[in-house]
Amino acid sequence: VQLRPQEVPAYGKLGVCLSEQGRLDDASAAFARMKTLDARSPEASNGLALVALLRGQVDDARRGYQSTLTLDPANIAAIVPTPRGTSSVPTSITG
């Protein structure tokens, strides 16, 4: 991220790593930065939803997963979220 601050996927990977470490504020910031760089990123929406779920914010998580599915209807991570992070399931049925 420091070497390529405009590289959108790097923020997603950072957000997943941080969420798996329980660093939810930092993970949320990484996913929010990703969303700023690419407002149509289903991975950013899914990451923010994951953080909300890990925080116990079920309504926010539900809205986030719905947003993810609007952007990418085949996004398996939004259909079957995991509490350990988005890296444990594919992000899309087609990809």
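The sections below set out a description of the structure shown in this document. If you're wondering where the values come from, they're calculated on a predicted model, not measured in any experiment.

Concerning the packing of helix 2 (residues 24-37) against helix 3 (residues 42-54)
In step 1: Viewed as axis vectors pointing N to C, helix 2 and helix 3 meet at an angle of 160°, and their least axial separation amounts to 8 Å. When the axes of helix 2 and helix 3 are compared, the pair comes out roughly antiparallel. Here helix 2 and helix 3 pass one another in a crossing that is left-handed. Residue-level inspection shows Leu24, Ala27, Ser28, Phe31, Ala32, Met34 and Lys35 of helix 2 in contact with helix 3, the latter providing Glu43, Ala44, Ser45, Gly47, Leu48, Val51 and Leu54.
In step 2: Classifying every residue of the contact of helix 2 with helix 3 gives nine nonpolar, three polar and two charged.

Section: the environment of Ala61
In step 1: Positionally, Ala61 belongs in helix 4 (residues 58-71).
In step 2: Along the chain, Ala61 and Asn46 lie 15 residues apart, while their C-alpha atoms are 8.6 Å from each other.
In step 3: Once residues within four sequence positions are removed from consideration, Ala61 is found in contact with Ala49, Ala52 and Leu53.

What counts and what doesn't
- Residues numbered from 1 in each chain as written.
- Predicted model: local features only at pLDDT ≥ 70, side-chain atom pairs only at ≥ 80, totals over all residues.
- Heavy atoms only, no water.
- Axes fitted to C-alpha atoms, helices over the stretch in contact; angles between N-to-C directions.
- Helix = DSSP H or I, 4+ residues; strand = E, 2+ residues; numbered from the N terminus.
- Parallel < 35°, antiparallel > 145°, perpendicular 65-115°, else oblique.
- Left-handed = near helix turned anticlockwise from the far one by under 90°.
- Contact = heavy atoms within 4.5 Å.
- Nonpolar A, V, L, I, M, F, W, Y, C, P; charged D, E, K, R; others polar.

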